[in-house]
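Structure assessment
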Amino acid sequence: MHPSALINLPKSLPYPMSYERPNIQNMTGYSSGEQPRQADVVKLNTNENPYPATSAVERALRAVRIDDLRRYPQPYANEFRKEAAQYHQLAVANILATNGGDELIRLAITTFVDPGQSIAIGEPSYSLYPVLAAIQNCPVVKIDLQDDWQMGPDYADALNASGAKLAFIVNPHAPSGLLTPVATLRHIAQRFTGVLVIDEAYVDFVDPTLGYDAVSLVKEFDNVLILRTMSKGYSLAGLRFAYGIASEKLVAPMLYKTRDSYNTDFISQALATAALGDRAEAAHSWRKVREERARVEQALGELGVSCSPSQSNFLLAQLPDTDSRYESAEMLARECYQRLKDDGILVRYFDMPRLRDKLRITIGTAQENSQLLRQLTSYLRPS
Ligand SMILES: *Cc1c(COP(=O)(O)O)cnc(C)c1O
């Protein structure tokens, strides 16, 4: 708690004086999804992979010796960069390793946008973008997505008209899961005059038969920066490791100037390299998540709960407004969120325009999903 809260002083008083920059004083920090410590909570609220990391990661963890930690790590995470370059068939110079995707977002902002210059995001999208923009004292231009969560045909024009130096597109989209095709991204990258970050935090869960591959855009456009993370697809949210894929023109200033000198540590480099080298095993979990996603969507539909088409590891579930016990779908969504929580199942509720009548539900193990569906059935179809 801030000390001023204890003595109940209004913020405007000069005492206690703030040492913060005015924009820091005026901003609100990021609010993470709940991270309960009880092991028996069914956690479907922060889009973690329900399956463990692969055996190669476990072997790499066991191979870490205490003496490995005595020296500084390789500053650029070069072993990881080599592995990633090989995977994406690009050069090592096109890869930047970061301490989670969140660090890459912060680096993109501090490297490419002056304080006072604007940053554009689709609305709704990842709620961390405005927080990191506020730290750099950058205004955020929110461009409303269409009712089906697509970017409209004039999206690139809207980006340019906003004067933004940097724009974030999350694909598959969060919180809806909608996948935008590469052709649309290409159209935007071609026209937008700033740096375009394509945040692919959830790309591993995309159905491979769709043939989605936006990495090719990096070869076509020097203003495209793709974000990948080990947190979701590789079950390593606790490790903090992600990477950027971009032209050398974008990678070099972040790699050699704005990055923390040792931004990724020895253990995370070793484990992330092992994880990326062992994609076939991780891909089993992606397939299971896709299968469960289809099953949960179908079962929710039978309860009158409709979901946006998702290529991610979560569903944005729209509660029906036909339940006579509730005045509105919003009230029903809140009620379901709370009752699930009381029954030990956490999902995400966003108290935001267009999302108040919905729940974002992470796909868990088959058993967790069945538990969720049983509870929802008992609330929505009481016998
Ligand atoms: C999870 C996530 C990230 C990155 O998360 P890290 O754990 O910091 O790698 C980035 N963008 C979106 C939309 C996410 O959901």
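For the structure given in this document, a descriptive report is provided here. (Residues numbered from 1 in each chain as written. Predicted model: local features only at pLDDT ≥ 70, side-chain atom pairs only at ≥ 80, totals over all residues. Heavy atoms only, no water.)

1. A look at the site of the ligand
Here is the rule: We call a residue near a molecule or strand when any one of its heavy atoms sits within 4 Å of it. The definition of a polar contact used here is a pair of N or O atoms within 3.5 Å, where within protein one atom must be able to donate a hydrogen and the other to accept one, and adjacent residues in sequence count solely through side-chain atom pairs. In these tables, accessible area is a Shrake-Rupley quantity obtained with a 1.4 Å probe, and a residue counts as shielded only by the protein chains included in the view. Each helix is a run of DSSP H or I of at least 4 residues and each strand a run of E of at least 2, with the numbering of both proceeding from the N terminus. Following the grouping adopted for this structure description, the nonpolar residues are Ala, Val, Leu, Ile, Met, Phe, Trp, Tyr, Cys and Pro, the charged ones are Asp, Glu, Lys and Arg, and the polar ones are all others, Gly among them.
The immediate surroundings of the ligand are formed by Gly100, Gly101, Asp102, Tyr126, Val170, Asp199, Ala201, Tyr202, Thr229, Ser231, Lys232 and Arg240. The side chain of Thr229 places a nitrogen or oxygen atom 2.6 Å from an oxygen atom of the ligand. In this structure, an oxygen atom belonging to the ligand sits 2.9 Å away from a side-chain N or O atom of Lys232. In the complex, 93% of the free accessible area of the ligand, which totals 390 Å², lies under the protein chains. If you tally residues by element for the shell around the ligand, the top one is helix 5 (residues 100-112), at 3 residues. Looking at the shell around the ligand residue by residue, the class counts come to 4 nonpolar, 4 polar and 4 charged.

2. Here we look at the pairing of strand 7 (residues 224-229)
Our working rule: Using a 1.4 Å probe on the protein chains alone, a residue whose accessible area is under 20% of its type maximum counts as buried, one over 50% counts as exposed, and one in between counts as partly exposed. DSSP calls a pair of strands paired once it identifies at least 2 bridges connecting them.
Of all 6 residues making up strand 7, 6 are buried, and the element is well covered by its neighbours. Of the pairings in the sheet, the one linking strand 6 (residues 195-199) to strand 7 comprises 4 bridges and is parallel in character. Bridge pairing in strand 7 places Asp199 opposite Leu227. As judged from the 5 bridges shared by strand 7 and strand 8 (residues 242-246), these two strands associate in the antiparallel manner.

3. Focus: the pattern of salt bridges
So the rule is basically this: Counted as salt bridges are all cases of a side-chain nitrogen of Lys or Arg within 4 Å of a carboxyl oxygen of Asp or Glu.
Summed over the entire model, instances satisfying the criterion amount to 16 salt bridges. A salt bridge links Lys43 to Glu48; its shortest N-O distance comes to 2.8 Å. The salt bridge involving Glu330 is made with Arg334; its shortest N-O contact spans 3.9 Å. Here the residue Glu330 and the residue Arg334 both occupy positions in helix 13 (residues 329-342), the gap between them amounting to 4 residues, near one helical turn.

4. Examining the sheet that holds strand 9 (residues 306-307)
If you walk across this open sheet you meet the 3 strands as 9-10-12, and the pairing is antiparallel. Two strands bound the open sheet, and with one partner strand each, they are strand 9 and strand 12 (358-362). Taken together, the 5 bridges between strand 10 (residues 314-318) and strand 12 define a ladder with antiparallel strand orientation. Each residue of the ladder has a partner; that of Leu316, found in strand 12, is Arg360.

5. A closer look at helix 11 (residues 266-277)
Test applied: Expected span, for any helix, means 1.5 Å times one less than how many residues it has. Contacts are assigned to residue pairs that have any heavy atoms within 4.5 Å of one another.
Here helix 11 contains 12 residues, and its C-alpha end-to-end distance of 17 Å stays within 8% of the 16 Å for a straight helix at 1.5 Å per residue. When we look at burial in helix 11, the residues that qualify are Ser268, Gln269, Leu271, Ala272, Thr273, Ala274, Ala275 and Leu276. Structurally, helix 11 contributes buried residues whose contacts are with helix 3 (55-62), helix 4 (78-88), strand 8 and helix 12 (279-302). Capping the start of helix 11, Asp265 holds a side-chain oxygen 3.0 Å from the backbone nitrogen of Ile267, two or three residues further along.

6. Remarks on the nonpolar core
How we decide: As used in this record, nonpolar core signifies buried Ala, Val, Leu, Ile, Met, Phe, Trp, Tyr and Cys residues forming a set joined through side-chain atoms within 4.5 Å.
The biggest cluster of nonpolar side chains holds 113 residues, and the ones touching the most others in it are Phe80, Met230 and Leu300. Excluding residues within four positions of it along the chain, Met230 makes contact with Phe80, Ser235, Leu236, Ala237, Phe241, Ala242, Tyr243, Ala272, Ala275 and Leu276. Of all hydrophobic cores here, the second largest spans 5 residues; its members include Trp149, Leu178, Phe350 and Leu355.

7. A word on the packing of aromatic side chains
For the record, the criterion: Each Phe, Tyr or Trp ring (for Trp, its six-membered ring) is paired with any other whose centre lies within 6.5 Å, and the angle between the two planes then decides the class: stacked below 30 degrees, edge-to-face above 60, tilted in between.
Under the criterion given, the structure shown has 10 aromatic pairs. A ring pair is formed by Tyr76 and Tyr256, whose centres lie 5.5 Å apart and whose planes are at 70 degrees; its orientation type is edge-to-face. A residue pair is termed long-range when its members are at least 10 positions apart, and Tyr76 in the loop between helix 3 and helix 4 and Tyr256 in helix 10 (residues 248-258) qualify at 180 residues. Given the relative accessible area of 27%, Tyr76 is considered partly exposed.

8. A short note on the packing of helix 5 against helix 10
Rule in force here: In this description, a line fitted to the C-alpha atoms serves as the axis of each element, helices being fitted only across the stretch in contact, and the angle between N-to-C directions of two axes falls anywhere from 0 to 180 degrees. Our angle categories are set so that under 35 degrees counts as roughly parallel, over 145 as roughly antiparallel, 65 to 115 as roughly perpendicular, and the remainder as oblique.
As a packed pair, helix 5 and helix 10 sit with axes 10 Å apart at the nearest point and diverge in direction by 95 degrees. By the angle between their axes, helix 5 is roughly perpendicular relative to helix 10. Between helix 5 and helix 10, the residues in contact are Leu104, Leu107, Ala108, Thr111 and Phe112 and Leu250, Pro253, Met254 and Thr258, respectively. Looking at the contact of helix 5 with helix 10 residue by residue, the class counts come to 7 nonpolar, 2 polar and no charged.

9. What about the environment of Arg287?
Relative to the elements of secondary structure, Arg287 occurs in helix 12. For Arg287, a relative accessible area of 38% gives the class partly exposed.

10. A short note on the side chain of Ser162
Mapped onto the secondary structure, Ser162 falls in helix 7 (residues 155-162). The class of Ser162 is buried, set by a relative accessible area of 18%. A distance of 3.1 Å separates the side chain of Ser162 from the backbone nitrogen of Ala164, its partner in a polar contact. Those residues within four positions of Ser162 in sequence are excluded, and the remaining contacts are Ser118, Ala120 and Val141.

11. As for the side chain of Arg348
Quick note on the threshold: Residues scored as charged are limited to Lys and Arg (positive) and Asp and Glu (negative), so that His and the chain ends carry no count.
With respect to the helices and strands, Arg348 occurs in the loop between strand 11 (345-346) and strand 12. There is no salt bridge for the buried Arg348, and the closest opposite charge comes from Glu34, which lies 6.6 Å off by N-O distance. Within polar-contact distance, the side chain of Arg348 engages the backbone oxygen of Ser31 at 3.5 Å. Those residues in contact with Arg348 that lie beyond four places of it in its chain are Ser31, Ser32, Gly33, Leu44, Asn45, Leu359 and Arg360.

12. Observations concerning unusual backbone geometry
Following Asn171, the chain continues to Pro172 via a peptide bond in cis, the omega torsion being -5 degrees. Among the secondary structure elements, Pro172 is positioned in the loop between strand 5 (166-170) and helix 8 (182-191). Note the cis peptide between Ala174 and Pro175, where omega equals 10 degrees. Along the chain, Pro175 falls in the loop between strand 5 and helix 8.

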